[in-house]
Amino acid sequence: MTHISVKVDGTTYEDDVEPRLLLVHYLRDRLGLSGTPIGCDTSNCGACTVELDGVSVKSCSVLAVQADGGEVTTVEGLARDGELTALQRAFHEKHALQCGYCTPGMLMAARDLLREHPHPTTDEIRHALEGNLCRCTGYQNIVRAVQAASEQEVPA
């Protein structure tokens with residue numbers, strides 16, 4: 001077992017974990033944060049995307065021990081005091097989800113994009129979301145939602 005200390009959505013956790021435990025399983029099974037879905041376990045779909053030290057990563061390809069000393073933000077950590085972010089509101093208003101399975105990963109990848117490029121072009125949005133698969137929406141409304149969020153003055 002390896003001892004880790006990681007801040008997740010603003011709360012610090014100290015745990016002993018198996019060195020091979022994936023971050024996605026740590027978040028879901030140990031911390032009970034089920035908003036980060038397990039999609040493919042091969043980093044192809046992007047559903048499990050979270051932020052690790054401010055950078056979006058696919059949590060099925062990161063070990064929990066790699067997050068030791070770091071800060072993780074999950075989809076559960078986006079809204080503050082029950083108030084959705086501009087990006088979350090845009091996803092709702094633009095109907096950017098259907099089954100919802102890919103939505104957490106899409107939100108986290110889009111948030112990373114908007115932090116780096118607050119006013120991206122359509123091509124930049126599509127490129128940033130390439131690593132996140134959606135089988136339901138056809139991506140049009142997801143792109144529209146990211147565009148709408150980028151037009152807001154409130155951070156995504």
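What counts, and where the lines are drawn
- Residues numbered from 1 in each chain as written.
- Predicted model: local features only at pLDDT ≥ 70, side-chain atom pairs only at ≥ 80, totals over all residues.
- Heavy atoms only, no water.
- Domains from an automatic or database assignment.
- Contact = heavy atoms within 4.5 Å.
- Buried area = accessible area lost by both parts, 1.4 Å probe.
- Salt bridge = Lys/Arg side-chain N within 4 Å of Asp/Glu carboxyl O.
- Helix = DSSP H or I, 4+ residues; strand = E, 2+ residues; numbered from the N terminus.
- Pairing = 2+ DSSP bridges.
- Axes fitted to C-alpha atoms, helices over the stretch in contact; angles between N-to-C directions.

Here we come to the domain arrangement of the protein chain. By domain assignment, the protein chain separates into domain 1 (2-77) and domain 2 (86-150). Across the contact, 18 residues belong to domain 1 and 13 residues belong to domain 2. Interface area lost by domain 1 to domain 2 is led by Thr-49, Glu-51 and Val-75, which between them contribute 36%. Put simply, domain 1 and domain 2 have two salt bridges between them. Between Glu-51 and Arg-115 there is a salt bridge, and its shortest N-O distance comes to 3.1 Å. Elements represented by at least two residues in the side of domain 1 that touches domain 2 include exactly β3 (49-52) and β4 (55-58).

What holds strands together in a sheet is hydrogen bonding between their backbones, with the strands either parallel or antiparallel. One open sheet accounts for five strands, arranged β2-β1-β5-β3-β4; its pairing is mixed. The open sheet has two edge strands with one neighbour each: β2 (11-17) and β4. On average, each strand axis in the sheet is inclined to that of its neighbour by 40°, with strand direction left out of account. Where β3 meets strand β5 (residues 71-73), two bridges bridge the pair, whose relative direction is antiparallel. The residue bridging Glu-51 from the neighbouring strand is Thr-73, located in β5. Against the sheet, helix α1 (residues 23-30) engages β1 (2-8), β2, β3 and β5, with an angle of about 105° to β2. Docked against the sheet, helix α3 (residues 103-116) engages β3, β4 and β5, running at close to 40° with respect to β3.

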